[in-house]
Amino acid sequence: QVQLVESGGGLVQAGGSLRLSCRASGRSIRYYAVAWFRQAPGKERELVAALSLTGDTTYYVDSVKGRFTLSRANAINTVSLQMNSLKPEETAVYYCAADPSWRTVRVNPTYWGQGTQVTVSS
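So, a few notes on the structure that sits alongside this text. (Residues numbered from 1 in each chain as written. Predicted model: local features only at pLDDT ≥ 70, side-chain atom pairs only at ≥ 80, totals over all residues. Heavy atoms only, no water.)

### Observations concerning the pairing of strand E3 (residues 18-25)
Here comes step 1: As defined by bridge partners, strand E1 (residues 3-7) adjoins E3 across five bridges and the pair is classed as antiparallel. Residue pairing across strands places Ser-7 opposite Ser-21, the latter belonging to E3.
Here comes step 2: Of the pairings in the sheet, the one linking E3 to strand E8 (residues 78-83) comprises six bridges and is antiparallel in character. Among the inter-strand pairings, Cys-22 is bridged to a residue of E8, identified as Val-79. (Pairing = 2+ DSSP bridges. Helix = DSSP H or I, 4+ residues; strand = E, 2+ residues; numbered from the N terminus.)

Structure, rendered in structure tokens:
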């Protein structure tokens, strides 16, 4: 199995940018589809972005299209979420996730990171 650890969260002003990283260990990230979720207090967990195992297919929730980019760097066993033009309502704990299945990674991934807090101030 694979273990995932997020980093890169923190405090950023509205309109600013932040890059989250998810470093994998135990297995190569190349064997998994990957995704980023977020959960704000009092709200349901939301799928933000996902990337298929081969990298041929992507998903972005409508609210982040054009601003967020999910990428995979297999050489360093890392997936990243570049977040631009951040909005206060995007304050949340962000989680990376992985699953061998493209379908499952978007609905109920097998592997999760511990989460990293992103706070966007107005």
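### A short note on the packing of aromatic side chains
Geometrically, a pair of aromatic rings is defined through the distance of the ring centres and the angle of the planes.
Here comes step 1: Applying the stated criterion to the full structure yields three aromatic pairs.
Here comes step 2: Note on Tyr-32 and Tyr-111: the rings are 5.7 Å apart at their centroids and 80 degrees apart in plane angle, and the pair reads as edge-to-face. Of this pair, Tyr-32 sits in the loop between E3 and strand E4 (33-39) while Tyr-111 sits in strand E10 (residues 111-112), and the two are 79 residues apart along the sequence. Judged on exposure class, the residue Tyr-32 and its partner Tyr-111 are both buried.
Here comes step 3: With a centroid separation of 4.9 Å and an interplanar angle of 45 degrees, the aromatic rings of Phe-37 and Trp-112 are classed as tilted. With a gap of 75 residues between them, Phe-37 in strand E4 and Trp-112 in strand E10 connect regions that are remote in the sequence.
Here comes step 4: A residue is classified by how much of its surface remains accessible, and Phe-37, at 3% relative accessible area, is buried.
Here comes step 5: The structure contains a cluster of three or more aromatic residues connected by ring pairs, namely Phe-37, Tyr-95 and Trp-112.
Here comes step 6: For the cation-ring pair, Arg-45 lies above Phe-37, with the distance from its terminal atom to the ring centre recorded as 5.3 Å. (Phe/Tyr/Trp six-rings, centres within 6.5 Å; stacked < 30°, edge-to-face > 60°. Buried < 20%, exposed > 50% of the residue type's maximum accessible area, 1.4 Å probe, protein only. Lys NZ or Arg CZ within 6 Å of the ring centre and 35° of its normal.)

### Quick word on the environment of Gln-114
Here comes step 1: The topology assignment puts Gln-114 in the loop between E10 and strand E11 (116-121).
Here comes step 2: Given a relative accessible area of 47%, Gln-114 falls into the partly exposed group.
Here comes step 3: Each C-alpha atom, one on Gln-114 and one on Tyr-94, is 8.8 Å from the other, the two residues being 20 residues apart in sequence.
Here comes step 4: Beyond its immediate sequence surroundings of up to four residues, Gln-114 is in contact with Leu-4, Val-5, Glu-6 and Tyr-95. (Contact = heavy atoms within 4.5 Å.)

### Notes on the pattern of salt bridges
Here comes step 1: Overall, the coordinates contain four salt bridges when judged by the stated rule.
Here comes step 2: Two residues, Arg-67 and Glu-90, come together in a salt bridge whose shortest N-O distance is 2.4 Å. With Arg-67 in the loop between strand E6 (58-60) and strand E7 (68-73) and Glu-90 in the loop between E8 and strand E9 (92-99), this pair connects stretches of sequence that are 23 residues apart. An identical accessibility class is assigned to Arg-67 and Glu-90; each is buried. (Salt bridge = Lys/Arg side-chain N within 4 Å of Asp/Glu carboxyl O.)

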